Protein chains: 2
Amino acid sequence: MADFSLMAIDIPATPPAVLCFGAGDATAGSGLAADILTLASMGCHPLPVHTAVLLRDTRSVDEVWAQDAEIVVAQARTILEDIPVAAFKLGFCGSVENLAAIAEILSDYPDLALIVEPALYACGDLGEAGEEMSAALADLILPQTTLLVLGRHELCRLVGVACSDGEHDETELPAVDDALAQVLAGGTEYILLTGGSEHGPQVVNSLIGQAGSVRTDAWPRLGGRFLGAGTTLAAAAAAALAHGMDLPEAVREAQEFTQQALRHAYRPGMGLALPDRFFWARGKGDADE
Amino acid sequence: MADFSLMAIDIPATPPAVLCFGAGDATAGSGLAADILTLASMGCHPLPVHTAVLLRDTRSVDEVWAQDAEIVVAQARTILEDIPVAAFKLGFCGSVENLAAIAEILSDYPDLALIVEPALYACGDLGEAGEEMSAALADLILPQTTLLVLGRHELCRLVGVACSDGEHDETELPAVDDALAQVLAGGTEYILLTGGSEHGPQVVNSLIGQAGSVRTDAWPRLGGRFLGAGTTLAAAAAAALAHGMDLPEAVREAQEFTQQALRHAYRPGMGLALPDRFFWARGKGDADE
């Protein structure tokens, strides 16, 4: 396992800054708080732009309130005029209006890496509005995306193809392949297809680029269910890219970080366990492998 | 100097949780992001309840948008029903309505420590609304407050007494003493009167309780101007209390943490320097004293 102690990293005087678009989640399991923790743990300075409030506990999302697009834009533009940004990370954005406004901002920074975690779970009970957000994400954000991090079901939902809810079924592999091809054809550079929601003794994550499969990593599947595994992976990849790693290496580093954070997850409430993004600071990690 | 490495602390399986009421600040210099960083750095789990958006860069606050009180209450109540909380920390709350709603929630948890950073700087350009918020804070929140962290000017503003803007003037000491007495008589248990905005080679911080002066600590005054020094101090005190320290010890620990974070501050943008709440993780701190 890699050494995550920041002491091992040659830290510049000012840590690289990652601007995150995301929702407030008072559990700190997902959303902006989760990304702030992951980015700080990986030696970056977080710049959190508030897009929505997720009303939730550690079990489930009860309600969602979007921030006005005007307020989202003002936050981001004000920061971007003041602070040099090394990468963008996008999570739940709250509304189609917000996604459109954010897409326009991102288009002014085509050279910066954009890591996207679709966070479609937050659209779960939004009905038609959720479907419209999913479509806006696909149309406006994915063409600008450097790395899209998501599971099979989210991928199918994002491109609007049918996908069974049960075991990974051999017969639907063509559907998944079609969905991958469709996203890549739309301009997304890389997709990290995660296996966290599948079954079997291992979690298999596949990195696919424009030229095909780049790398596949398998991890022991951990017991328990987690809140915020996907956003940990996406934010950790953003951090590694902001530190200057190349993309396949950043994806590997992010997986190692996430696996450790999940191994040391804790349950602050009555629901899901939360990844411990500071496992290494609590003397966990390598020592107890 | 104390050893801030979390490895030195005996961490329970689930870190103590601190619920913060505060504003989103995309610089992460102040507001919820700053408190998340401080709390995590001191081994706590942050529970950030979003009360407002501060539109700001590293120089100044441009605008403030309050969250609806209904949304603030829903976030806090949902978390409090799910997750045991060890302490509360309160920063900028956005509106009188929010302060009233939060005061009612806090009154249901009279045994938990409440650490208050008034964040009146965010009321700066709000005119009458700012004065009303200051009055609501004094009337509704301070009577429930365990530890109030603020400077002389903020104290005078909070209780509505005149206070010169210049050098600490001997002739106005009675005004400051009156203000302290007034706040303590209103029910606040302790006040940490900070000297960061004063002059002279040392920053002198005084902890005053119901029985009078408890402790006074002097620190070398650092060059430069900082964004978020006060909230670092308040959140660090909340973290230390959540770990079970007694109050004078927690206040000492919080000052040591803040002094180190300020010594290693960095300037991500064109304005003020931000405390490095993870100085110890970057191999800074004790080693380069």
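Bear in mind the structure is a predicted one, so any value in this text is a computation, not a measurement.

1. Some details on the overall build of chain A
For step 1, the next point in the chain: Looking only at helices and strands, chain A has eight helices and nine strands in total.
For step 2, the next point in the chain: What you see for chain A is a C-alpha radius of gyration of 18 Å, in line with the 19 Å of a compact globule of 289 residues.
For step 3, the next point in the chain: C-alpha extents for chain A along the principal axes are approximately 50 × 50 × 45 Å.
For step 4, the next point in the chain: Each of the 289 residues in chain A was classed as buried or not, and the buried ones make up 60%.
For step 5, the next point in the chain: Restricting to contacts in chain A with at least 6 residues of sequence separation, those with at least 24 account for 69%.
For step 6, the next point in the chain: Of the accessible surface of chain A, which amounts to about 10,400 Å², a share of 51% is contributed by carbon and sulfur atoms.

2. Thoughts on helix α4 (residues 128–141) of chain B
A turn of α-helix holds 3.6 residues, and therefore any two residues three or four places apart point the same way.
All names here are of chain B.
For step 1, the next point in the chain: With 14 residues, α4 extends 19 Å between its outermost C-alpha atoms, agreeing within 8% with the 20 Å of an ideal straight helix rising 1.5 Å per residue.
For step 2, the next point in the chain: Restricting attention to buried positions, one finds in α4 the residues Gly-130, Met-133, Ser-134, Ala-136, Leu-137 and Ile-141. For α4, the angular spread of buried residues about the axis comes to 160 degrees, placing them on one side. Set apart from the buried face of α4 by more than 90 degrees, the exposed residues are Glu-128 and Asp-139.
For step 3, the next point in the chain: Here the buried face of α4 lies against β4 (87–90), α3 (96–106), β5 (113–116) and α5 (152–159).

3. Topic: the pairing of strand β8 (residues 202–209) of chain A
Residue and element names in this part refer to chain A.
For step 1, the next point in the chain: As paired strands, strand β7 (residues 190–194) and β8 are joined by four bridges and run antiparallel to one another. The residue of β8 that forms the bridge with Leu-193 is Ser-206.
For step 2, the next point in the chain: In the sheet, β8 pairs with strand β9 (residues 212–220) via eight bridges, with the strands oriented antiparallel. The residue bridging Gln-202 from the neighbouring strand is Pro-220, located in β9.
For step 3, the next point in the chain: Hairpin connection of β8 to β9: two residues between the antiparallel strands.

4. A look at the pairing of strand β3 (residues 61–66) of chain B
Residues and elements named next belong to chain B.
For step 1, the next point in the chain: Two elements, strand β2 (residues 45–56) and β3, share five bridges in a ladder whose sense is antiparallel. Bridge pairing in β3 links Leu-55 to Glu-63.
For step 2, the next point in the chain: The turn joining β2 and β3, which pair antiparallel and follow one another in sequence, is formed by four residues.

5. Brief notes about the relation of the copies chain A and chain B
For step 1, the next point in the chain: Once turned by 180 degrees and shifted 0.0 Å along the axis, chain A lies on chain B with an RMSD of 0.0 Å. Both copies of the chain, as the preceding transformation shows, are related through a two-fold rotation axis.
For step 2, the next point in the chain: The overlap is high: 100% of the interface residues of chain A also sit at the interface in chain B, so the same surface is used on both sides.

6. Let's talk about the confidence of the model for chain A
Reading predicted coordinates in detail is not appropriate for stretches of low pLDDT.
For step 1, the next point in the chain: This prediction gives chain A a mean pLDDT of 91; 91% of its residues lie at or above 70.
For step 2, the next point in the chain: Scored below 50 in pLDDT, residues 1–11 of chain A shows 28 contacts in the model against residues more than four places distant or in partner chains.

7. Focus on the state of the cysteines
All names here are of chain A.
For step 1, the next point in the chain: All told, the structure shown has zero disulfides over all chains when counted by the stated rule.
For step 2, the next point in the chain: With no disulfide of its own, Cys-20 lies closest to Cys-44 among cysteine sulfurs, the gap being 9.4 Å.
For step 3, the next point in the chain: With a relative accessible area of 2%, Cys-20 lands in the buried category.
For step 4, the next point in the chain: Exposure remark for Cys-44: the relative accessible area of 2% places this residue in the buried category.

8. A few points about the interface of chain A and chain B
For step 1, the next point in the chain: Opposite the 52 residues of chain A that make contact, chain B presents 52 residues.
For step 2, the next point in the chain: In total, about 4,300 Å² of surface goes out of reach between chain A and chain B, with carbon and sulfur atoms giving 70% of it.
For step 3, the next point in the chain: Inspection of the chain A/chain B interface yields two salt bridges.
For step 4, the next point in the chain: Of the charged contacts in the structure, one is a salt bridge between Asp-82 of chain B and Arg-59 of chain A, with a shortest N-O distance of 3.9 Å.
For step 5, the next point in the chain: Viewed at the interface, chain B and chain A are joined by nine residue pairs in polar contact (both at pLDDT 80 or more).
For step 6, the next point in the chain: Elements that contribute at least two residues to the side of chain A that touches chain B include exactly α1 (31–41), β2 (45–56), β3 (61–66) and α2 (69–82) of chain A.
For step 7, the next point in the chain: Classifying every residue of the side of chain A that touches chain B gives 30 nonpolar, 12 polar and 10 charged.

9. Description of the packing of aromatic side chains
All names here are of chain A.
For step 1, the next point in the chain: In this structure the tally under the stated criterion is 10 aromatic pairs over all chains.
For step 2, the next point in the chain: Between the aromatic rings of Phe-21 and Phe-88, the centroid separation amounts to 6.4 Å while the plane-to-plane angle is 20 degrees, which identifies the pairing as stacked. Here Phe-21, found in strand β1 (residues 17–25), pairs with Phe-88, found in strand β4 (residues 87–90); they are 67 residues apart in sequence, far enough to count as distant.
For step 3, the next point in the chain: Overall, the relative accessible area of 0% leaves Phe-21 in the buried class.
For step 4, the next point in the chain: Relative to Trp-280, the ring of Phe-278 lies with its centre 6.1 Å away and its plane at 50 degrees, an arrangement referred to as tilted. Grouping residues by exposure puts Phe-278 and Trp-280 together as buried.

10. Remarks on the packing of helix α7 (residues 229–242) of chain A against helix α8 (residues 247–263) of chain A
Residues and elements named next belong to chain A.
For step 1, the next point in the chain: Where α7 meets α8, the axes come as close as 8 Å, and the angle between the chain directions of the two elements is 140 degrees. The angle between α7 and α8 falls in the class oblique. As for how α7 packs across α8, the hand of that crossing is right-handed. Mapping the contact onto sequence places Ala-229, Thr-232, Leu-233, Ala-236, Ala-237, Ala-240 and Leu-241 in α7 and Leu-247, Ala-250, Glu-253, Ala-254, Gln-255, Phe-257, Thr-258, Ala-261 and Leu-262 in α8.
For step 2, the next point in the chain: In the contact of α7 with α8, the residues fall into 12 nonpolar, three polar and one charged.

11. Comments concerning the environment of Gly-228 of chain B
Residue and element names in this part refer to chain B.
For step 1, the next point in the chain: Counting through the fold element by element, Gly-228 comes out in the loop between β9 (212–220) and α7 (229–242).
For step 2, the next point in the chain: Here Gly-228 falls in the buried class, since its relative accessible area comes to 13%.
For step 3, the next point in the chain: Considered as a pair, Gly-228 and Ala-34 are 194 residues apart in the sequence and their alpha carbons are 7.4 Å apart.
For step 4, the next point in the chain: Gly-228 has contacts with Gly-29, Pro-275 and Arg-277, leaving out every residue within four places of it along the chain.

What counts and what doesn't
- Residues numbered from 1 in each chain as written.
- Chains lettered and ligands numbered in written order.
- Predicted model: local features only at pLDDT ≥ 70, side-chain atom pairs only at ≥ 80, totals over all residues.
- Heavy atoms only, no water.
- Helix = DSSP H or I, 4+ residues; strand = E, 2+ residues; numbered from the N terminus.
- Rg over C-alpha atoms; globule rule 2.2 N^0.38 Å.
- Buried < 20%, exposed > 50% of the residue type's maximum accessible area, 1.4 Å probe, protein only.
- Contact = heavy atoms within 4.5 Å.
- Areas by Shrake-Rupley, 256 points an atom, 1.4 Å probe, with all protein chains shown as cover.
- Expected span 1.5 Å × (residues − 1).
- Arc of directions from axis to C-beta.
- Pairing = 2+ DSSP bridges.
- Least-squares fit on C-alpha atoms with pLDDT ≥ 70 in both.
- pLDDT = per-residue confidence, 0-100.
- Disulfide = S-S within 2.5 Å.
- Buried area = accessible area lost by both parts, 1.4 Å probe.
- Salt bridge = Lys/Arg side-chain N within 4 Å of Asp/Glu carboxyl O.
- Polar contact = N/O pair within 3.5 Å; in protein donor to acceptor, adjacent residues only side chain to side chain.
- Nonpolar A, V, L, I, M, F, W, Y, C, P; charged D, E, K, R; others polar.
- Phe/Tyr/Trp six-rings, centres within 6.5 Å; stacked < 30°, edge-to-face > 60°.
- Axes fitted to C-alpha atoms, helices over the stretch in contact; angles between N-to-C directions.
- Parallel < 35°, antiparallel > 145°, perpendicular 65-115°, else oblique.
- Left-handed = near helix turned anticlockwise from the far one by under 90°.

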